[in-house]
Amino acid sequence: MVSISSGPRGPNAGACRCRGSGAPGFTLIELLVVLAIVATLLSLVVPRYYSKIDATKELVLTENLRTTRQVIGKFHADTGRYPQSLEELVRRQYLAGLPMDPILESATAWIVIPPPDGFEGTVYDIRSAAQGAGPSGVAYGQR
């Protein structure tokens, strides 16, 4: 008489043996493929991230210069003279604080341009002391 078996019997009769060793987890090849994909994606994203940071710093610099120049003009219109220092603008509450140069990450590294002859004060304009040019191609000190 022939007996038909329906499968293995024993304590592991229903277990699926998907891998050779029977241990759950990922193989080294699978991990390396995932790491290669992640590295490729990072190599595409990181340069764009840093260029956006530089462009944002340039935008903040331009805005800080524009605001500070407006405040210097308002100070001159109110007092009839230019401020003696940027700190005077803060002290007299024209500015909440010294403007930050985001390129140099400093609030004290500004180049102060004196007013033309015949005008009182020492701060007519300010420029960034940073060397080089931004992503737009304009030198930081020429803004």
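Read on for a plain summary of the structure.

### Focus on unusual backbone geometry
Most peptide bonds take the trans configuration, and most residues that are not glycine carry a negative phi. Located in the positive-phi region is Gln93, a residue other than glycine, with phi close to 65°. Inspection of the secondary structure assignment puts Gln93 in the loop between helix H2 (86-91) and strand E1 (110-113). Taking relative accessible area as the criterion, Gln93 reaches 70% and is therefore assigned exposed. Of note, the phi angle at Glu105 is positive, near 55°, even though the residue is not glycine. Note that Glu105 resides in the loop between H2 and E1. For Glu105, a relative accessible area of 58% gives the class exposed.

### As for the side chain of Arg81
Within the secondary structure, Arg81 sits in the loop between helix H1 (28-79) and H2. Taking the relative accessible area as the measure of exposure, Arg81 reaches 19% and is therefore buried. A distance of 2.5 Å separates polar atoms of two side chains, one belonging to Arg81 and the other to Glu88. With residues up to four places along the chain from it excluded, the contact list for Arg81 reads Phe75, His76, Glu88, Arg92 and Glu120.

### Concerning a nonpolar patch on the surface
On the surface, a nonpolar cluster with roughly 920 Å² of combined accessible area is contributed by Leu28, Ile29, Leu32, Val33, Leu35, Ile37, Leu41, Leu44 and Val45. Overall, Leu35 belongs to the exposed group, its relative accessible area being 56%.

### Focus on the side chain of Ser128
Residue placement: Ser128 occurs in strand E2 (residues 125-128). Reaching out from Ser128, the side chain makes a polar contact with the side chain of Asp101 at a distance of 2.6 Å. Separated by 3.1 Å, the side chain of Ser128 and the backbone nitrogen of Ala130 make a polar contact. Discounting chain neighbours no more than four positions away, the residues touching Ser128 are Leu61, Asp101, Trp110, Ile111, Tyr140 and Gly141.

### Details of H1
Its 52 residues place the ends of H1 74 Å apart at the C-alpha level, agreeing with the 76 Å of an ideal helix rising 1.5 Å per residue. Glu58, Leu61, Leu65, Thr68, Val71, Ile72 and Phe75 are the residues of H1 that are buried. Looking at the buried residues of H1, the elements they touch are H2, E1 and E2. Residue Gly80 follows H1 closely and has a positive phi angle near 80°.

Thresholds, definitions, all that
Residue positions are counted from 1 within each chain, in the order its sequence is given. Only residues with pLDDT of at least 70 are given local features in this predicted model, and only at 80 or more are side-chain atom pairs given and counted; all residues enter the totals for whole chains, interfaces and linings. Only hydrogens and water are removed before side-chain values are computed, so all heavy atoms of the structure are retained for them. Secondary structure elements follow DSSP: runs of H or I of four or more residues count as helices, runs of E of two or more count as strands, with numbering from the N terminus. Any residue under 20% of the maximum accessible area for its type is buried, any over 50% is exposed, and the rest in between are partly exposed; the area is computed with a 1.4 Å probe on protein chains only. A 3.5 Å cut-off defines polar contacts: any pair of N or O atoms within that distance qualifies, except that in protein one atom must be a possible hydrogen donor and the other a possible acceptor, and neighbouring residues in sequence count only when both atoms are side-chain atoms. Contacts: residue pairs with any heavy atoms within 4.5 Å of one another. For patch detection, residues must exceed 30% relative accessible area and be free of salt bridges, and they are connected within 9 Å for like charges or within 5 Å for nonpolar side chains (Val, Leu, Ile, Met, Phe, Trp, Tyr). Throughout, the Shrake-Rupley method with a 1.4 Å probe supplies accessible areas, and for residues the shown protein chains are the sole cover considered. Take a side-chain nitrogen of Lys or Arg and a carboxyl oxygen of Asp or Glu: if they are within 4 Å of each other, that pair is a salt bridge. The span one expects for a helix is its residue count, reduced by one, times 1.5 Å.

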